[in-house]
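Coordinate analysis (summary)
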Amino acid sequence: FALTPPSTALTAITPIPEAEYIGPSQRFSTWTSGGKAYLFDDNTSNLFSYDPGSDTWTKLSTLITTAGVAVYAIEYNGRIYAWDDQGDIWAYTGAM
């Protein structure tokens, strides 16, 4: 859903293009940058961008990670970085 302040009404948006597992151990990292929203799914290691102007999701990448470890992601200085609780770090350098 989308929320545009000052309104408190939620508007439905296009769902993520693939079924995501939602469970008790599910973690998402989300942030916005440059007019787009980004979502990193810790369970599948998939990275998506969302363009609100066209109401479309784009799968940017699947990070190669170690199974069973927590992975987190952020955007910094125009690049996306992910790290896990084992000390591994990845940088996504593709188009945002």
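Residues numbered from 1 in each chain as written. Predicted model: local features only at pLDDT ≥ 70, side-chain atom pairs only at ≥ 80, totals over all residues. Heavy atoms only, no water.

1. A few points about the pairing of strand β9 (residues 89–92)
- Pairing of strand β8 (residues 79–84) with β9 involves 4 bridges; the strand directions are antiparallel. In the sheet register, Ile80 faces β9, and the bridge partner there is Tyr92.
- Turn length for the β8-β9 hairpin, with the two strands adjacent in sequence and antiparallel, is 4 residues, and the turn residue Gly87 shows positive phi of about 95 degrees. (Pairing = 2+ DSSP bridges. Helix = DSSP H or I, 4+ residues; strand = E, 2+ residues; numbered from the N terminus.)

2. Looking at the environment of Ile89
- By the element assignment, Ile89 lies in strand β9.
- For the pair Ile89 and Val71, spaced 18 residues apart in sequence, the C-alpha to C-alpha distance is 9.3 Å.
- With residues near it in sequence (within four places) discarded, Ile89 still touches Ala82 and Trp83. (Contact = heavy atoms within 4.5 Å.)

3. Considerations on unusual backbone geometry
- Residue Pro6 follows Pro5 across a cis peptide bond; omega there is 10 degrees.
- Looking at where Pro6 falls in the secondary structure, it is placed in the loop between β1 (2–3) and β2 (10–11).
- The phi dihedral of Asp55 is positive, around 55 degrees, even though this residue is not glycine.
- In this fold, Asp55 is placed in the loop between β5 (46–51) and β6 (56–62).
- Note on Asp55: relative accessible area 28%, which makes it partly exposed. (Buried < 20%, exposed > 50% of the residue type's maximum accessible area, 1.4 Å probe, protein only.)

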